Amino acid sequence: MSDFAVRVENVTKTFRVYTDRNQSLKSAIIARGRNKFEEFVAVDDVSLEIPRGITFGLLGHNGSGKSTLLKCIARILTPNSGKITVDGRLAAMLEVGSGFHPNLTGRENVYLNGAILGMSKKEIDRKFDAIIDFSGVERFIDQPVKNYSSGMYVRLGFAVAIHVEPDILLVDEVLAVGDMQFQEKCTEKFSELKADGRTVVVVSHAHDLMRTFCDEVAWLQNGRVIETGDAMGIVDAYANKEHRARKVESGGVRFGSGESYVTKLEWIVDGVDTRTCHTGDEVTIRAHYQSEIEIERPIFGTSLDSREGVFVWGHHSRDAGYVVSSIKPGTGSIDVRIPSLPLRPGTFDVSFSIQDRTGTHVYDALQRAIRIDVLTGTPIESGGIMTFGSSFENIQPPRPIAAG
Ligand SMILES: Nc1ncnc2c1ncn2[C@@H]1O[C@H](COP(=O)(O)OP(=O)(O)OP(=O)(O)O)[C@@H](O)[C@H]1O
Ligand SMILES: [Mg+2]
């Protein structure tokens, strides 16, 4: 057995990007077979050696080639040139729901996906309960997965992938989707795999996780490896560089392409930026942003998570029917007004994001940037995280049971 799990030698992967997008039908027919395209180099002469038994991270901005490289290692994509040697059984968890069939139930998909990943029916039978247990989607296991949330998809997909007991596990951005509890389970599982001498290759925008999980990382920029080595040093250098590029006054973890970003997030009660408030308060979430480019009809979003990681609430300007025609290069701010905070006492984290008009491109997602404490206010209700302003009513006066 060699001492590496994956060896990547001078791998290049290009994509054809067609340039004539707005051509007429006639010119398209005339030009048939000789459409204009450019070769876009997504992975550019990359060489890496991933030692056996370590957790290895790929770090880099959106579009730097991380997913493309993982897909080449997983043999989903074929490089144009170069060589990849994989030594061991490999399982990959690359895109949300990849390998899942939307019309099949969770149960059927476990068998389908398990088979794709190289497990026999017997092996899946034996591991089925453990897979479902890990995924936490037991209640929905006989429903078609098209009804699942993205979080449920990821949980089930990840549960199957790790139960393959691969020698090498490739994981792309899974941790971003699950809640905190699930993230913890995943990290535990990663440690177990590592203790077993297995190799994990992971991509995540969550720097704090990358920092604690990974032994080694490679930093990619425009498809090239610019640095590789000890995780802590490189993750810190990367985060610092990002941080300098996009100065934030608040804390939190962020990802996004960064042309437009939140510089400060405020939680305003009675005109004051505060970190404590009361049930029933009128609250304004104010995001200050800076933009290097003009963005037409951007979508602003905000959300609250409980400290335990429960996604409590989220709202987008698009769903609110609030349209900002464009933001110009420069600075600005936007308010989200909550007329009466319906949260019971507890601790919550606030996030904010700026996306393009379609909601598919993230300029900045500033996650759990500020933490607020909600104290007792009005109404006072008995349990849980929400207040409904509920009341008890007596529709039938109590009557004694007639003596028989
Ligand atoms: N099938 C494709 N056809 C054309 N271009 C592609 C294709 N897949 C990826 N690309 C381009 O290749 C580049 C690298 O993409 P890749 O998905 O590997 O980046 P990434 O580092 O994973 O980014 P992110 O952090 O956003 O996930 C991007 O510019 C992307 O637009
Ligand atoms: Mg990617």
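Each remark here, short or long, concerns the structure printed above.
Just so it is clear, the model here is predicted, and its values are computed rather than measured. (Residues numbered from 1 in each chain as written. Chains lettered and ligands numbered in written order. Predicted model: local features only at pLDDT ≥ 70, side-chain atom pairs only at ≥ 80, totals over all residues. Heavy atoms only, no water.)

Some words on the site of ligand 1
Here comes step 1: Lining the immediate surroundings of ligand 1 are Phe15, Phe40, Ala42, His61, Asn62, Gly63, Ser64, Gly65, Lys66, Ser67, Thr68 and His205.
Here comes step 2: Within the backbone of Gly65, a nitrogen or oxygen atom sits 3.0 Å from an oxygen atom of ligand 1.
Here comes step 3: Out of a free accessible area of 640 Å², ligand 1 has 62% covered by protein chains.
Here comes step 4: For the shell around ligand 1, the elements supplying multiple residues, two or more each, are strand S2 (37–51) and helix H2 (66–73).
Here comes step 5: In the shell around ligand 1, the residues fall into three nonpolar, eight polar and one charged. (Near = heavy atom within 4 Å. Polar contact = N/O pair within 3.5 Å; in protein donor to acceptor, adjacent residues only side chain to side chain. Areas by Shrake-Rupley, 256 points an atom, 1.4 Å probe, with all protein chains shown as cover. Helix = DSSP H or I, 4+ residues; strand = E, 2+ residues; numbered from the N terminus. Nonpolar A, V, L, I, M, F, W, Y, C, P; charged D, E, K, R; others polar.)

Side note on the environment of Glu9
Here comes step 1: With respect to the helices, strands and loops of the structure, Glu9 is situated in strand S1 (residues 4–18).
Here comes step 2: Measuring from C-alpha to C-alpha, the distance between Glu9 and Ser47 comes to 4.5 Å, with 38 residues separating the pair along the chain.
Here comes step 3: With residues near it in sequence (within four places) discarded, Glu9 still touches Val46, Ser47, Gly82, Lys83 and Thr85. (Contact = heavy atoms within 4.5 Å.)

Description of the packing of helix H4 (residues 121–135) against helix H5 (residues 150–163)
Here comes step 1: Their axes nearest at 8 Å, the elements H4 and H5 cross at an angle of 140°. In terms of their interaxial angle, H4 and H5 are classed as oblique. In this structure, the crossing between H4 and H5 has a hand that is right-handed. Only Arg155, Leu156, Phe158, Ala159, Val160, Ile162 and His163 of H5 make contact with H4, whose side of the interface consists of Lys127, Ala130, Ile131, Ile132, Phe134 and Ser135.
Here comes step 2: The class makeup of the residues in the contact of H4 with H5 is nine nonpolar, two polar and two charged. (Axes fitted to C-alpha atoms, helices over the stretch in contact; angles between N-to-C directions. Parallel < 35°, antiparallel > 145°, perpendicular 65-115°, else oblique. Left-handed = near helix turned anticlockwise from the far one by under 90°.)

Remarks on the nonpolar core
Here comes step 1: In terms of nonpolar packing, the biggest core is built from 44 residues, with Val110, Tyr148, Leu156, Phe158, Leu169 and Phe190 touching the most fellow members.
Here comes step 2: In terms of residues, this core owes the most to one element, H5, which gives nine residues.
Here comes step 3: Setting aside residues no more than four positions away along its own chain, Leu156 makes contact with Phe100, Gly106, Val110, Ile132, Ser135, Val137, Ile141 and Tyr148.
Here comes step 4: Membership of the second largest hydrophobic core comes to 30 residues, among which are Val269, Ile334, Leu343 and Phe352. (Core = buried A, V, L, I, M, F, W, Y, C linked by side-chain atoms within 4.5 Å. Buried < 20%, exposed > 50% of the residue type's maximum accessible area, 1.4 Å probe, protein only.)

Side note on H5
Here comes step 1: Between its first and last C-alpha, H5 extends 20 Å over 14 residues, near the 20 Å set by a 1.5 Å rise per residue.
Here comes step 2: With 13 of 14 residues buried, H5 is to be regarded as a mostly interior element.
Here comes step 3: After H5 finishes, the residue Glu165 shows a positive phi value of roughly 50°. (Expected span 1.5 Å × (residues − 1).)

Here's the deal with the sheet that holds strand S14 (residues 283–291)
Here comes step 1: Pairing is antiparallel in the open sheet, where four strands are placed in the order S12-S11-S14-S19. Strand pairing shows two members of the sheet lacking a second neighbour, strand S12 (272–273) and strand S19 (330–338), which therefore form its edges.
Here comes step 2: Taken together, the eight bridges between strand S11 (residues 260–269) and S14 define a ladder with antiparallel strand orientation. Each residue of the ladder has a partner; that of Trp267, found in S14, is Ile285. (Pairing = 2+ DSSP bridges.)

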